[in-house]
Amino acid sequence: MDLLNLIRWKNLLMIALMQLLIKYALLEPFGVQTTLDGLGILLLVTATICIAAAGYIINDIYDVETDLVNKPNKVIINKSISEKTAYNLFIGLNLAGVAIGFYVSHLVDRASFFSIFVVISILLYVYASYLKRTLLVGNIIISVLVALSLIIVGMFELIPAITTTNQSTQIVFFKVIFDYALFAFSINILREIAKDIEDIDGDYKAGMNTLPIAIGRERAKNIITTLSFIPLVGIIFYVVSDLYKQPIAVGYFLLFVLGPLIYTSIKTFSASTKKDMQHISNMYKWIMLFGMLSLLLYKYVILG
């Protein structure tokens, strides 16, 4: 169980679910021309979660000092799993992810796509070892990588299948995927800042320069609240312009995405304890999950 917790198995499941939803809830029901078969998408998902799991491991290796302050009961490295074993797992998962990525890239006849897996692997290491200590840069990098885990499905599924006759359709669906990636980016960056507020004591002790350390807890909370208006306005615009004729879809977004987002923004104002910020961080994770699950609406509501 400690090994599963080390690689953040719940987060990995969420990544896999998001990628599978794009293929089977968005692209397949509309008969969009795609490149990967069932085995191909499974390999793409496996490559992604292997590299993500390696990223979580190296992050924990570098975070032992801060985690002993922030979450002493959840520290795994040097307690139940040795640092040497963790490093070996990190290397093994990275090699597996990059190797599978190499194979999938050749499977779709786009050898250059292989570089994406290498770049992500390197970025996760640089993030854990250096960038996360830099003001906002680490938060932005991780949020970009979360968005990229969605975009990569569009790259592998849609781009190799583009022809002169289906180009406009492929672009439309790639834009939908990109919009969801923007949503994931914006929600994740809010969550990253909330986690930084939650972990401020350990991060300060470790000499990190996170946003709440640089400007204070209260100002950082105000920034979360202000930034939350960006996805809020974006979702409202999307619902009003594209889904206004679909009452089930409108109801879904109001109940499971917009409502929780407004609640979390208001809750941030009154948050004063570590537990409060943990609740806010978890809420953003649920908002992202339900936002991605809205892809099911395309099949059951729009096509229905």
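If you're wondering where the values come from, they're calculated on a predicted model, not measured in any experiment.

A. Just the side chain of T48, in detail. Mapped onto the elements, T48 comes out in helix α3 (residues 38-62). Exposure remark for T48: the relative accessible area of 12% places this residue in the buried category. Discounting chain neighbours no more than four positions away, the residues touching T48 are I15, Q19 and S149.

B. Geometry of helix α14 (residues 274-293). Relative to the 28 Å expected for 20 residues at 1.5 Å per residue, α14 spans 29 Å between its end C-alpha atoms, a close match to the ideal helical length. Taken as a whole, α14 has its buried residues at M277, I280, S281, M283, Y284, I287, M288, L289, G291 and M292. Against α2 (9-27), α7 (137-157), α8 (167-198), α11 (217-227) and α13 (247-270) lie the buried residues of α14.

C. Main features of the pattern of salt bridges. Under the defined criterion, the tally for this structure stands at eight salt bridges. Residue K195 is joined to E192 by a salt bridge in which the shortest nitrogen-to-oxygen separation is 3.5 Å. Of this pair, K195 and E192 both sit in helix α8, separated by three residues, roughly a single helical turn. On the basis of relative accessibility, which here comes to 6%, the residue E192 falls in the buried class. One salt-bridge network, held together by shared partners, links K23, E28 and E157.

Cut-off values and rules
Residues numbered from 1 in each chain as written. Predicted model: local features only at pLDDT ≥ 70, side-chain atom pairs only at ≥ 80, totals over all residues. Heavy atoms only, no water. Helix = DSSP H or I, 4+ residues; strand = E, 2+ residues; numbered from the N terminus. Buried < 20%, exposed > 50% of the residue type's maximum accessible area, 1.4 Å probe, protein only. Contact = heavy atoms within 4.5 Å. Expected span 1.5 Å × (residues − 1). Salt bridge = Lys/Arg side-chain N within 4 Å of Asp/Glu carboxyl O.

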